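Understanding the architecture of this molecule
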Amino acid sequence: MIHANLKKKFSCCVLAFLLFAIICVWKEKKKGTYYDSLKLQSKDFQVLRGLEKQAETSSSTQDPHRGSQALSSPRGPAKAKPEASFQVWNKDSSSKNLIPRLQKIWRNYLNMNKYKVSYKGPGPGVKLSAEALHCHLRERVNVSMVEVTDFPFNTSEWEGFLPKENIRTKAGPWGTCAVVSSAGSLKSSQLGREIDDHDAVLRFNGAPTANFQQDVGTKTTIRLMNSQLVTTEGRFLKDSLYNEGILIVWDPSVYHSDIPKWYQSPDYSFFENYKSYRKLHPDQPFYILRPQMPWELWDIIQEVSPEEIQPNPPSSGMLDHNECKI
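Basis of the calculations
- Residues numbered from 1 in each chain as written.
- Predicted model: local features only at pLDDT ≥ 70, side-chain atom pairs only at ≥ 80, totals over all residues.
- Heavy atoms only, no water.
- Axes fitted to C-alpha atoms, helices over the stretch in contact; angles between N-to-C directions.
- Helix = DSSP H or I, 4+ residues; strand = E, 2+ residues; numbered from the N terminus.
- Parallel < 35°, antiparallel > 145°, perpendicular 65-115°, else oblique.
- Left-handed = near helix turned anticlockwise from the far one by under 90°.
- Contact = heavy atoms within 4.5 Å.
- Nonpolar A, V, L, I, M, F, W, Y, C, P; charged D, E, K, R; others polar.
- Expected span 1.5 Å × (residues − 1).
- Pairing = 2+ DSSP bridges.
- Buried < 20%, exposed > 50% of the residue type's maximum accessible area, 1.4 Å probe, protein only.
- Right-handed = clockwise from strand over helix to strand, strands pointing away.
- Core = buried A, V, L, I, M, F, W, Y, C linked by side-chain atoms within 4.5 Å.
- pLDDT = per-residue confidence, 0-100.
- Phe/Tyr/Trp six-rings, centres within 6.5 Å; stacked < 30°, edge-to-face > 60°.

This brings us to the packing of helix 4 (residues 130-140) against helix 11 (residues 292-304). Relative orientation of the contacting elements helix 4 and helix 11 amounts to 150 degrees, with a least axis distance of 10 Å. Classified by the interaxial angle, the pair formed by helix 4 and helix 11 is roughly antiparallel. Viewed along their axes, helix 4 and helix 11 form a crossing whose handedness is right-handed. Here helix 4 contributes Leu-133, His-136, Leu-137 and Arg-140 to the contact with helix 11, which in turn contributes Glu-296, Leu-297, Asp-299, Ile-300, Glu-303 and Val-304. A per-class count over the contact of helix 4 with helix 11 returns five nonpolar, one polar and four charged.

Printed below as a string of C-alpha coordinates:
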(Lines give C-alpha, C1' and ligand atoms only; values in the text may rest on other atoms or scores of the structure.)
Protein backbone atom coordinates (compact mmCIF):
# COMPACT_ATOMS: atom_id res chain seq x y z
CA MET A 1 0.00 0.00 0.00
CA ILE A 2 2.86 2.34 0.89
CA HIS A 3 4.64 1.50 -2.37
CA ALA A 4 1.48 2.23 -4.34
CA ASN A 5 1.13 5.65 -2.69
CA LEU A 6 4.79 6.45 -3.41
CA LYS A 7 4.36 5.47 -7.06
CA LYS A 8 1.28 7.63 -7.33
CA LYS A 9 3.06 10.62 -5.78
CA PHE A 10 6.08 10.07 -8.02
CA SER A 11 3.84 9.94 -11.11
CA CYS A 12 2.13 13.18 -10.07
CA CYS A 13 5.50 14.90 -9.62
CA VAL A 14 6.70 13.74 -13.04
CA LEU A 15 3.50 14.96 -14.69
CA ALA A 16 3.78 18.31 -12.92
CA PHE A 17 7.40 18.65 -14.02
CA LEU A 18 6.51 17.80 -17.64
CA LEU A 19 3.67 20.29 -17.61
CA PHE A 20 5.99 22.97 -16.21
CA ALA A 21 8.60 22.18 -18.88
CA ILE A 22 6.01 22.40 -21.69
CA ILE A 23 4.82 25.79 -20.41
CA CYS A 24 8.41 27.08 -20.26
CA VAL A 25 9.14 25.90 -23.81
CA TRP A 26 5.92 27.51 -25.06
CA LYS A 27 6.79 30.82 -23.39
CA GLU A 28 10.28 30.82 -24.87
CA LYS A 29 8.89 30.10 -28.30
CA LYS A 30 6.38 32.92 -27.96
CA LYS A 31 9.14 35.26 -26.76
CA GLY A 32 11.25 34.34 -29.76
CA THR A 33 8.38 35.21 -32.10
CA TYR A 34 7.95 38.52 -30.31
CA TYR A 35 11.62 39.38 -30.64
CA ASP A 36 11.56 38.39 -34.30
CA SER A 37 8.73 40.85 -34.87
CA LEU A 38 10.68 43.52 -33.04
CA LYS A 39 13.65 42.87 -35.29
CA LEU A 40 11.43 43.27 -38.35
CA GLN A 41 10.05 46.53 -36.97
CA SER A 42 13.60 47.70 -36.30
CA LYS A 43 14.56 46.93 -39.91
CA ASP A 44 11.51 48.86 -41.15
CA PHE A 45 12.49 51.77 -38.94
CA GLN A 46 16.02 51.73 -40.35
CA VAL A 47 14.57 51.82 -43.85
CA LEU A 48 12.43 54.84 -42.96
CA ARG A 49 15.38 56.60 -41.36
CA GLY A 50 17.39 55.94 -44.51
CA LEU A 51 14.65 57.60 -46.56
CA GLU A 52 14.53 60.58 -44.20
CA LYS A 53 18.29 61.05 -44.50
CA GLN A 54 18.02 60.77 -48.26
CA ALA A 55 15.28 63.45 -48.30
CA GLU A 56 17.33 65.74 -46.04
CA THR A 57 20.38 65.36 -48.29
CA SER A 58 18.41 66.20 -51.43
CA SER A 59 16.77 69.17 -49.66
CA SER A 60 20.19 70.54 -48.67
CA THR A 61 21.42 70.11 -52.24
CA GLN A 62 18.47 72.01 -53.68
CA ASP A 63 18.71 74.89 -51.15
CA PRO A 64 22.37 75.75 -50.43
CA HIS A 65 21.43 78.36 -47.82
CA ARG A 66 19.47 75.89 -45.71
CA GLY A 67 22.14 73.28 -46.12
CA SER A 68 24.95 75.57 -44.97
CA GLN A 69 22.88 76.72 -42.01
CA ALA A 70 22.22 73.18 -40.89
CA LEU A 71 25.76 71.86 -41.38
CA SER A 72 27.90 74.79 -40.30
CA SER A 73 29.52 74.82 -36.85
CA PRO A 74 32.21 76.82 -35.04
CA ARG A 75 34.70 74.01 -35.63
CA GLY A 76 34.21 74.03 -39.36
CA PRO A 77 32.19 71.79 -41.66
CA ALA A 78 31.70 68.30 -40.34
CA LYS A 79 32.50 65.39 -42.56
CA ALA A 80 29.34 63.76 -43.74
CA LYS A 81 29.15 60.08 -42.92
CA PRO A 82 27.99 57.88 -45.76
CA GLU A 83 24.43 56.81 -45.15
CA ALA A 84 22.93 53.62 -46.48
CA SER A 85 19.91 54.44 -48.63
CA PHE A 86 16.96 52.16 -49.22
CA GLN A 87 14.55 52.94 -52.02
CA VAL A 88 11.27 51.36 -51.02
CA TRP A 89 8.93 53.63 -52.99
CA ASN A 90 9.16 55.59 -56.21
CA LYS A 91 6.88 57.19 -58.80
CA ASP A 92 6.10 53.80 -60.36
CA SER A 93 5.22 52.10 -57.07
CA SER A 94 1.66 51.17 -56.20
CA SER A 95 -0.33 48.96 -53.86
CA LYS A 96 0.79 46.05 -56.04
CA ASN A 97 4.23 46.42 -54.46
CA LEU A 98 2.79 45.58 -51.04
CA ILE A 99 3.09 42.08 -49.63
CA PRO A 100 -0.12 40.01 -49.91
CA ARG A 101 -1.06 40.51 -46.25
CA LEU A 102 -0.90 44.31 -46.56
CA GLN A 103 -2.75 44.21 -49.89
CA LYS A 104 -5.57 42.35 -48.16
CA ILE A 105 -5.68 44.92 -45.34
CA TRP A 106 -5.70 47.75 -47.90
CA ARG A 107 -8.61 46.17 -49.85
CA ASN A 108 -10.58 45.54 -46.65
CA TYR A 109 -10.11 49.16 -45.61
CA LEU A 110 -11.30 50.40 -48.98
CA ASN A 111 -14.37 48.18 -48.76
CA MET A 112 -15.29 49.38 -45.25
CA ASN A 113 -16.08 52.85 -46.65
CA LYS A 114 -17.21 54.28 -43.32
CA TYR A 115 -17.98 57.69 -44.84
CA LYS A 116 -19.99 56.32 -47.80
CA VAL A 117 -17.69 57.74 -50.46
CA SER A 118 -19.06 57.55 -54.01
CA TYR A 119 -16.55 59.40 -56.14
CA LYS A 120 -17.75 60.10 -59.70
CA GLY A 121 -15.07 62.51 -60.89
CA PRO A 122 -12.16 62.05 -63.32
CA GLY A 123 -9.15 59.89 -62.59
CA PRO A 124 -7.48 58.37 -60.81
CA GLY A 125 -4.21 59.20 -62.55
CA VAL A 126 -4.95 62.63 -64.05
CA LYS A 127 -1.66 64.39 -64.81
CA LEU A 128 -1.47 68.04 -63.75
CA SER A 129 1.47 70.42 -63.54
CA ALA A 130 2.19 72.03 -60.17
CA GLU A 131 0.74 75.33 -61.43
CA ALA A 132 -2.40 73.68 -62.81
CA LEU A 133 -2.90 71.75 -59.56
CA HIS A 134 -2.59 74.97 -57.57
CA CYS A 135 -5.27 76.61 -59.73
CA HIS A 136 -7.41 73.48 -59.40
CA LEU A 137 -7.28 73.75 -55.61
CA ARG A 138 -8.17 77.44 -55.64
CA GLU A 139 -11.16 76.91 -57.93
CA ARG A 140 -12.65 73.81 -56.36
CA VAL A 141 -11.80 73.87 -52.65
CA ASN A 142 -13.83 76.41 -50.75
CA VAL A 143 -12.02 77.08 -47.47
CA SER A 144 -14.90 78.49 -45.45
CA MET A 145 -16.45 78.20 -42.03
CA VAL A 146 -19.90 77.47 -40.68
CA GLU A 147 -21.77 80.77 -40.45
CA VAL A 148 -24.55 82.14 -38.24
CA THR A 149 -26.95 81.96 -41.20
CA ASP A 150 -26.46 78.19 -41.67
CA PHE A 151 -29.16 75.91 -40.25
CA PRO A 152 -29.23 74.78 -37.44
CA PHE A 153 -26.64 77.33 -36.30
CA ASN A 154 -29.17 80.12 -37.00
CA THR A 155 -31.53 78.87 -34.29
CA SER A 156 -31.92 80.23 -30.75
CA GLU A 157 -29.94 77.26 -29.42
CA TRP A 158 -26.81 78.65 -31.09
CA GLU A 159 -27.46 82.36 -30.75
CA GLY A 160 -24.30 84.23 -29.78
CA PHE A 161 -21.91 81.28 -30.00
CA LEU A 162 -20.42 81.48 -33.50
CA PRO A 163 -18.03 84.38 -34.22
CA LYS A 164 -19.81 87.28 -35.92
CA GLU A 165 -16.77 88.29 -37.97
CA ASN A 166 -15.93 86.41 -41.14
CA ILE A 167 -12.60 84.62 -40.78
CA ARG A 168 -11.23 86.47 -43.81
CA THR A 169 -11.39 89.73 -41.87
CA LYS A 170 -9.35 88.11 -39.11
CA ALA A 171 -6.78 86.29 -41.24
CA GLY A 172 -4.68 86.89 -44.32
CA PRO A 173 -3.86 87.51 -46.99
CA TRP A 174 -0.36 86.27 -46.19
CA GLY A 175 2.81 86.30 -48.23
CA THR A 176 4.31 83.21 -46.60
CA CYS A 177 3.00 80.48 -44.29
CA ALA A 178 4.80 78.02 -42.04
CA VAL A 179 2.81 74.82 -41.49
CA VAL A 180 4.42 73.32 -38.39
CA SER A 181 4.36 69.57 -37.97
CA SER A 182 3.65 68.01 -34.57
CA ALA A 183 6.28 65.33 -35.20
CA GLY A 184 9.12 64.68 -32.76
CA SER A 185 11.58 65.08 -35.64
CA LEU A 186 11.37 68.88 -35.12
CA LYS A 187 13.12 68.51 -31.77
CA SER A 188 16.66 69.95 -31.92
CA SER A 189 15.94 71.34 -35.40
CA GLN A 190 16.70 74.95 -34.32
CA LEU A 191 14.04 76.17 -36.79
CA GLY A 192 12.13 78.35 -34.31
CA ARG A 193 13.37 81.71 -35.60
CA GLU A 194 12.80 80.74 -39.23
CA ILE A 195 9.25 79.59 -38.43
CA ASP A 196 8.41 82.84 -36.63
CA ASP A 197 9.72 84.88 -39.58
CA HIS A 198 6.75 83.79 -41.71
CA ASP A 199 3.63 85.94 -41.98
CA ALA A 200 1.44 83.14 -40.64
CA VAL A 201 2.23 80.07 -38.54
CA LEU A 202 -0.25 77.20 -38.58
CA ARG A 203 -0.20 74.48 -35.91
CA PHE A 204 -2.17 71.31 -35.18
CA ASN A 205 -4.21 70.00 -32.26
CA GLY A 206 -2.33 70.15 -28.92
CA ALA A 207 1.20 70.65 -30.27
CA PRO A 208 2.97 72.78 -27.62
CA THR A 209 5.35 75.69 -28.08
CA ALA A 210 6.44 76.17 -24.44
CA ASN A 211 9.90 74.66 -23.78
CA PHE A 212 10.35 74.07 -27.52
CA GLN A 213 10.64 77.66 -28.78
CA GLN A 214 14.09 77.16 -30.32
CA ASP A 215 12.77 74.34 -32.49
CA VAL A 216 9.14 75.26 -33.25
CA GLY A 217 8.94 79.02 -32.65
CA THR A 218 6.47 80.97 -30.53
CA LYS A 219 4.01 82.47 -33.03
CA THR A 220 0.62 80.81 -33.59
CA THR A 221 -1.66 82.36 -36.20
CA ILE A 222 -4.04 79.42 -36.67
CA ARG A 223 -4.47 76.23 -34.67
CA LEU A 224 -6.46 73.56 -36.48
CA MET A 225 -7.95 70.92 -34.17
CA ASN A 226 -9.91 67.78 -34.83
CA SER A 227 -13.23 67.24 -33.10
CA GLN A 228 -11.87 64.32 -31.09
CA LEU A 229 -9.50 66.64 -29.21
CA VAL A 230 -12.24 69.17 -28.49
CA THR A 231 -14.57 66.40 -27.32
CA THR A 232 -12.29 64.16 -25.26
CA GLU A 233 -9.27 66.25 -24.18
CA GLY A 234 -10.00 67.31 -20.61
CA ARG A 235 -7.52 70.18 -20.61
CA PHE A 236 -8.99 71.80 -23.72
CA LEU A 237 -11.19 74.18 -21.69
CA LYS A 238 -8.40 75.08 -19.25
CA ASP A 239 -5.07 75.11 -21.06
CA SER A 240 -3.81 78.55 -22.19
CA LEU A 241 -2.33 76.79 -25.25
CA TYR A 242 -5.81 77.07 -26.80
CA ASN A 243 -6.14 80.80 -26.10
CA GLU A 244 -3.82 82.15 -28.80
CA GLY A 245 -4.25 82.62 -32.51
CA ILE A 246 -7.37 81.68 -34.45
CA LEU A 247 -8.88 78.33 -33.48
CA ILE A 248 -10.57 76.12 -36.08
CA VAL A 249 -12.22 72.78 -35.32
CA TRP A 250 -13.17 70.25 -37.99
CA ASP A 251 -15.16 67.04 -37.86
CA PRO A 252 -15.36 64.27 -40.50
CA SER A 253 -18.73 63.96 -42.20
CA VAL A 254 -20.34 61.50 -44.55
CA TYR A 255 -19.10 62.14 -48.11
CA HIS A 256 -20.24 65.61 -49.24
CA SER A 257 -23.07 65.77 -46.72
CA ASP A 258 -24.50 69.24 -46.12
CA ILE A 259 -24.37 71.01 -42.77
CA PRO A 260 -27.81 69.89 -41.42
CA LYS A 261 -27.14 66.23 -42.28
CA TRP A 262 -23.66 66.33 -40.73
CA TYR A 263 -25.02 68.08 -37.62
CA GLN A 264 -27.40 65.18 -37.00
CA SER A 265 -24.60 62.59 -36.88
CA PRO A 266 -21.13 64.10 -36.34
CA ASP A 267 -18.10 61.86 -36.00
CA TYR A 268 -17.48 63.39 -32.55
CA SER A 269 -20.20 65.48 -30.97
CA PHE A 270 -18.02 68.42 -29.95
CA PHE A 271 -20.80 71.02 -29.92
CA GLU A 272 -21.32 71.27 -26.15
CA ASN A 273 -17.59 71.66 -25.49
CA TYR A 274 -17.44 74.28 -28.21
CA LYS A 275 -20.21 76.25 -26.49
CA SER A 276 -18.52 75.86 -23.10
CA TYR A 277 -15.29 77.23 -24.52
CA ARG A 278 -17.08 80.20 -26.11
CA LYS A 279 -18.70 81.04 -22.77
CA LEU A 280 -15.28 81.02 -21.08
CA HIS A 281 -13.49 82.89 -23.89
CA PRO A 282 -16.06 84.95 -25.84
CA ASP A 283 -13.37 87.14 -27.45
CA GLN A 284 -11.24 84.22 -28.70
CA PRO A 285 -11.75 83.67 -32.47
CA PHE A 286 -13.01 80.08 -32.73
CA TYR A 287 -14.48 78.78 -36.00
CA ILE A 288 -16.02 75.53 -37.22
CA LEU A 289 -14.81 74.33 -40.60
CA ARG A 290 -17.56 73.66 -43.12
CA PRO A 291 -17.89 69.84 -43.41
CA GLN A 292 -17.89 69.79 -47.23
CA MET A 293 -14.42 71.35 -47.51
CA PRO A 294 -12.34 68.23 -46.59
CA TRP A 295 -14.17 66.20 -49.24
CA GLU A 296 -13.63 68.85 -51.92
CA LEU A 297 -9.93 68.44 -51.21
CA TRP A 298 -10.20 64.64 -51.13
CA ASP A 299 -11.79 64.64 -54.60
CA ILE A 300 -8.75 66.40 -56.06
CA ILE A 301 -6.32 64.09 -54.28
CA GLN A 302 -8.22 61.10 -55.70
CA GLU A 303 -8.28 62.65 -59.16
CA VAL A 304 -4.49 63.03 -59.37
CA SER A 305 -3.54 59.89 -57.43
CA PRO A 306 -2.39 56.94 -59.57
CA GLU A 307 -4.91 54.57 -57.93
CA GLU A 308 -7.75 54.45 -55.42
CA ILE A 309 -6.97 56.12 -52.09
CA GLN A 310 -8.46 55.50 -48.66
CA PRO A 311 -12.08 56.68 -48.48
CA ASN A 312 -11.28 58.93 -45.52
CA PRO A 313 -11.31 62.73 -45.36
CA PRO A 314 -7.78 64.19 -45.50
CA SER A 315 -5.87 64.64 -42.26
CA SER A 316 -5.45 67.91 -40.39
CA GLY A 317 -2.06 68.41 -42.03
CA MET A 318 -3.50 68.44 -45.54
CA LEU A 319 -6.34 70.75 -44.48
CA ASP A 320 -3.91 73.16 -42.81
CA HIS A 321 -1.84 73.45 -45.99
CA ASN A 322 -4.95 74.57 -47.82
CA GLU A 323 -5.92 77.08 -45.16
CA CYS A 324 -2.93 79.17 -46.18
CA LYS A 325 -5.28 80.21 -49.02
CA ILE A 326 -7.40 82.21 -46.56
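And the narrative resumes.
Attention now moves to the environment of Leu-237. Along the chain, the position of Leu-237 falls in the loop between helix 8 (227-232) and strand 4 (246-250). The spatial distance from the C-alpha of Leu-237 to the C-alpha of Arg-278 is 9.5 Å, given a sequence separation of 41 residues. The residues contacting Leu-237, other than those within four sequence positions of it, are Asn-273, Ser-276, Tyr-277, Leu-280 and His-281.

Another aspect to go through is helix 3 (residues 100-112). For helix 3, which comprises 13 residues, the first-to-last C-alpha distance of 18 Å matches the rise-based estimate of 18 Å (1.5 Å per residue) to within 8%. Directly after helix 3, the chain includes Asn-113, whose backbone phi takes a positive value near 45 degrees.

On the basis of which strands lie adjacent, the open sheet formed by five strands has the order 1-2-3-4-5 and parallel pairing. Edge positions in the sheet fall to strand 1 (177-179) and strand 5 (286-288), since each of these pairs with one other strand and no more. The mean inter-strand angle of the sheet, taken between neighbouring strand axes irrespective of direction, is 20 degrees. Bridge analysis of strand 1 against strand 2 (residues 200-204) gives three bridges, and the strand direction is parallel. Counterpart to Cys-177 in the pairing with strand 2 is Ala-200. Along the sheet face, helix 10 (residues 271-280) touches strand 4 and strand 5 and points at about 160 degrees away from the line of strand 5.

For Lys-120, the position within the fold is in the loop between helix 3 and helix 4. It is 9.1 Å that separates the C-alpha atoms of Lys-120 and Asp-299, two residues lying 179 residues apart in sequence.

Before going further, it helps to examine the pairing of strand 3 (residues 222-226). Regular strands place side chains that alternate from one sheet face to the opposite one. By the criterion of burial, strand 3 is predominantly enclosed, with four of the five residues buried. Sheet topology places strand 2 next to strand 3; three bridges connect them, and they run parallel. Bridging from a neighbouring strand, Arg-203 pairs with Arg-223 of strand 3. As paired elements, strand 3 and strand 4 share five bridges and run parallel to each other. Along strand 4, the bridge assignment pairs Met-225 with Val-249. In this region the chain leaves strand 3, passes through helix 8 and returns to the parallel neighbour strand 4; the handedness of that crossover is right-handed.

It is worth spelling out the nonpolar core at this point. In terms of nonpolar packing, the biggest core is built from 22 residues, with Phe-153, Trp-158, Tyr-274 and Ile-288 touching the most fellow members. Where this core is concerned, the elements lending two or more residues are helix 8, strand 4, helix 9 (259-264), helix 10 and strand 5. Leave out the neighbours within four places in its chain, and Phe-153 touches Val-146, Glu-147, Val-148, Trp-158, Leu-162, Ile-259, Trp-262, Tyr-263, Phe-271 and Ile-288.

Turning to the pairing of strand 4, a few remarks are in order. Here strand 4 lies mainly inside the structure; five of its five residues are buried. Here strand 4 shows no split at all, with Ile-246, Ile-248 and Trp-250 on one side and Leu-247 and Val-249 on the other all buried. Strand direction decides the pairing type here: strand 4 and strand 5, joined by three bridges, are parallel. Bridge pairing in strand 5 places Leu-247 opposite Phe-286.

We now examine the confidence of the model for the chain. In this model, the chain carries a mean pLDDT of 80, and residues with pLDDT of at least 70 account for 69%. Looking at the elements of the chain, mean pLDDT is at its lowest for helix 2 (residues 64-71), recorded as 36, and at its highest for strand 5, recorded as 98. Below pLDDT 50 for its whole length, residues 28-45 participates in zero contacts with residues either more than four positions away or in separate chains. Across residues 51-79 the pLDDT falls below 50, and counting only partners more than four positions away or on other chains, this stretch makes nine contacts in the model.

Another aspect to go through is the packing of aromatic side chains. The geometry of an aromatic ring pair comes down to the distance between the two centres and the angle between the two planes. One pass over the structure, following the stated rule, counts 22 aromatic pairs. When the centroid spacing of 5.1 Å and the interplanar angle of 55 degrees are considered together, the rings of Phe-236 and Tyr-242 count as tilted. Its relative accessible area of 1% is what places Phe-236 among the buried residues. Judged by relative accessible area, which is 0%, Tyr-242 ranks as buried. On the basis of an interplanar angle of 80 degrees and a centroid distance of 5.2 Å, the ring pair of Tyr-255 and Trp-295 is categorised as edge-to-face. A residue pair is termed long-range when its members are at least 10 positions apart, and Tyr-255 in the loop between strand 4 and helix 9 and Trp-295 in helix 11 qualify at 40 residues. Among the residues examined, Tyr-255 registers a relative accessible area of 12% and is labelled buried. With relative accessibility at 0%, the residue Trp-295 sits in the buried group.

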